[in-house]
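Structural overview for review
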Amino acid sequence: MESQCAEHIQHMPGQPRCARGLGDLLARIGDTARARRWMAFYLGNRTEPDPEADAIYRRMLGRGRVAGSYRH
């Protein structure tokens with residue numbers, strides 16, 4: 001799944017939601033390091049605000065506010 005998502009993002013960089021899904025899935029199965037990497041990638045490349053993803057990432061990091069960058 002990770003290879004497929006990376007391939008998708010390479011060809012369609014404006015559609016990174018598979019990275020969000022991978023981050024969520026990996027977090028649910030307990031692979032937190034990989035989950036954080038994919039979610040951080042998603043948050044850095046998203047094209048619109050995603051408060052739910054911000055909250056998921058904050059929980060992964062165990063901290064408060066995440067500086068959310070998104071493109072207009």
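Parameters at a glance
- Residues numbered from 1 in each chain as written.
- Predicted model: local features only at pLDDT ≥ 70, side-chain atom pairs only at ≥ 80, totals over all residues.
- Heavy atoms only, no water.
- pLDDT = per-residue confidence, 0-100.
- Contact = heavy atoms within 4.5 Å.
- Helix = DSSP H or I, 4+ residues; strand = E, 2+ residues; numbered from the N terminus.
- Polar contact = N/O pair within 3.5 Å; in protein donor to acceptor, adjacent residues only side chain to side chain.
- Patch = residues over 30% accessible without salt bridge, like charges linked within 9 Å, V, L, I, M, F, W, Y side chains within 5 Å.
- Areas by Shrake-Rupley, 256 points an atom, 1.4 Å probe, with all protein chains shown as cover.
- Salt bridge = Lys/Arg side-chain N within 4 Å of Asp/Glu carboxyl O.
- Buried < 20%, exposed > 50% of the residue type's maximum accessible area, 1.4 Å probe, protein only.
- Core = buried A, V, L, I, M, F, W, Y, C linked by side-chain atoms within 4.5 Å.

Here we come to the confidence of the model for the protein chain. Confidence along the protein chain averages 87 in pLDDT terms, with 86% of residues attaining 70 or more. Every residue in residues 64–72 is under pLDDT 50, and counting partners more than four places away or in other chains gives 20 contacts.

With that settled, the discussion passes to the side chain of Asp50. Position of Asp50 among the secondary structure elements: in the loop between α3 (32–45) and α4 (51–61). Of the polar contacts made by the side chain of Asp50, one reaches the side chain of Arg20; its length is 2.8 Å. With sequence-adjacent residues up to four places away left out, Asp50 is seen in contact with Arg17, Arg20 and Tyr42.

The next subject is a nonpolar patch on the surface. A cluster of nonpolar side chains, Met1, Leu25 and Ile29, forms an exposed patch at the surface whose accessible area comes to about 340 Å². Position of Met1 relative to the elements: it lies in the segment before α1 (2–11).

As a further point, take the pattern of salt bridges. Pairs may arise between side chains of opposite charge once their charged atoms sit close together. Applying the stated rule across the entire model yields 7 salt bridges. For the salt bridge of Arg20 with Glu52, the shortest nitrogen-to-oxygen distance reads 3.0 Å. In this pair, Arg20 is assigned in helix α2 (residues 17–28) and Glu52 in helix α4, connecting sequence segments 32 residues apart. For Arg20, a relative accessible area of 10% translates into the label buried. Ionic pairing is found between Arg28 and Asp24, a salt bridge with its closest N-O pair at 3.1 Å. Placement of both Arg28 and Asp24 in helix α2 is noted, with a separation of 4 residues, approximately one turn of the helix. A single salt-bridge network, built from bridges that share partners, covers Arg17, Arg20, Asp50 and Glu52.

On to the nonpolar core. Ranked by internal contacts, the top residues of the largest apolar core, which has 14 residues, are Cys5, Ala19, Trp38, Met39, Tyr42, Leu43 and Met60. Secondary structure elements with two or more residues in this core: α1, α2, α3 and α4. Top element by residues in this core is α3. It accounts for 5 residues. With residues up to four places along the chain from it excluded, the contact list for Trp38 reads Glu2, Cys5, Ala6, Ile9, Ala19, Leu22, Gly23 and Leu26.

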